[in-house]
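One-letter residues, chain by chain:
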Amino acid sequence: MNSVKVGLVQTSCVEDKEVNLVNAVVQIEKLAAQGAKIICLQELFASLYFCQTEDCKQFSLSEPVKGPTVERLQKVAQKNQVVLIVPFFEKRTEGIYHNSSVVIDADGSVLDLYRKMHIPDDPNFYEKFYFTPGDLGFRAVQTRYAKIG
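Below is a short write-up of the structure. Computed from a predicted structure; not experimentally measured. (Residues numbered from 1 in each chain as written. Predicted model: local features only at pLDDT ≥ 70, side-chain atom pairs only at ≥ 80, totals over all residues. Heavy atoms only, no water.)

A look at helix α1 (residues 17-33)
Here is step 1 of the chain: Taking 1.5 Å as the rise per residue, α1 with 17 residues should run 24 Å; its terminal C-alpha atoms sit 24 Å apart, in good agreement.
Here is step 2 of the chain: Among all positions in α1, only N20, L21, A24, V25, I28, L31 and A32 are buried. Projected onto a plane normal to the axis of α1, the buried residues spread over an arc of 140° and lie on a single side.
Here is step 3 of the chain: Where α1 is buried, its residues contact β1 (6-9), β2 (38-41), α2 (68-80) and β3 (83-93).
Here is step 4 of the chain: The opening residue of α1 is D16, an N-cap whose side-chain oxygen sits 2.9 Å from the backbone nitrogen of E18.
Here is step 5 of the chain: Downstream of α1 by one or two residues, G35 has phi in the positive range, about 100°. (Helix = DSSP H or I, 4+ residues; strand = E, 2+ residues; numbered from the N terminus. Expected span 1.5 Å × (residues − 1). Buried < 20%, exposed > 50% of the residue type's maximum accessible area, 1.4 Å probe, protein only. Arc of directions from axis to C-beta. Contact = heavy atoms within 4.5 Å. Polar contact = N/O pair within 3.5 Å; in protein donor to acceptor, adjacent residues only side chain to side chain.)

Some points on empty space enclosed by the protein
Here is step 1 of the chain: Under the counting rule described, the total for this entry stands at 1 cavity of 30 Å³ or more.
Here is step 2 of the chain: Volume-wise, the largest cavity comes out at about 100 Å³.
Here is step 3 of the chain: Surrounding the largest cavity, K17, L44, F45, A46, S47, F50, L61, E63, T69, P87, F88 and F89 form its lining.
Here is step 4 of the chain: The biggest single contributor to the lining of the largest cavity is β3, with 3 residues.
Here is step 5 of the chain: Tallied by class, the residues present in the lining of the largest cavity amount to 8 nonpolar, 2 polar and 2 charged. (1 Å grid on protein atoms, 1.4 Å probe; cavity = no way out; pocket = protein on both sides within 12 Å on 5 of 7 lines; lining within 4 Å. Points joined across faces, edges and corners; volume = space filled by probe spheres on them. Nonpolar A, V, L, I, M, F, W, Y, C, P; charged D, E, K, R; others polar.)

Description of the nonpolar core
Here is step 1 of the chain: Formed by 23 residues in total, the largest nonpolar core has its most connected members in L73 and L84.
Here is step 2 of the chain: Top contributing element to this core by residue count: α1, with 6 residues.
Here is step 3 of the chain: When sequence neighbours within four positions are dropped, the list of residues in contact with L84 reads I28, I39, L73, A77, V102, V103 and I104.
Here is step 4 of the chain: If you look at the next biggest cluster of nonpolar residues, it comprises 9 residues, including L44, F89, Y130 and F131. (Core = buried A, V, L, I, M, F, W, Y, C linked by side-chain atoms within 4.5 Å.)

Section: the layout of surface pockets
Leftover empty space is mapped by rolling, across the atoms, a probe with the size of a water molecule.
Here is step 1 of the chain: Considering only enclosed or pocket space, the largest pocket measures out at about 200 Å³ in volume.
Here is step 2 of the chain: In terms of lining, the largest pocket is formed by 13 residues, of which the most central are S101, V103, Y114, R139 and G149.
Here is step 3 of the chain: Of all elements in the fold, only β4 (96-104) and β5 (110-115) reach the threshold of two or more residues within the lining of the largest pocket.
Here is step 4 of the chain: Taken together, the residues that form the lining of the largest pocket break down as 8 nonpolar, 3 polar and 2 charged.

Structure representation (structure tokens):
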């Protein structure tokens, strides 16, 4: 049986989305240099965790699947020949937003989109204010290095 080295990125975030994205790229490149072939970023890595308040201004953090964050990380995946799992605040259309993630293969192609299905609504966690439950189910996808889901 073949083994695949997996890397996980967990960082402190700041308000500036660009700073968080640059930090994530630095961490991806470090893990790739250490031999990681599949790298997963933390949930909503591009911003501070904003779901502890209900604030309509936070919807400005959202972007479509073919938005700047995913497109930038497609290039990073291809450059480093790694598979990336990239969580992001998806704007599906006006008024419909998801807590989503894409799987980007080592050639930079987007293989799959997952939309979080079970949205918590607990004290101090107002995710239902921001996110519509996912509608794509649970799938496994074959990447260059392994089948993941």
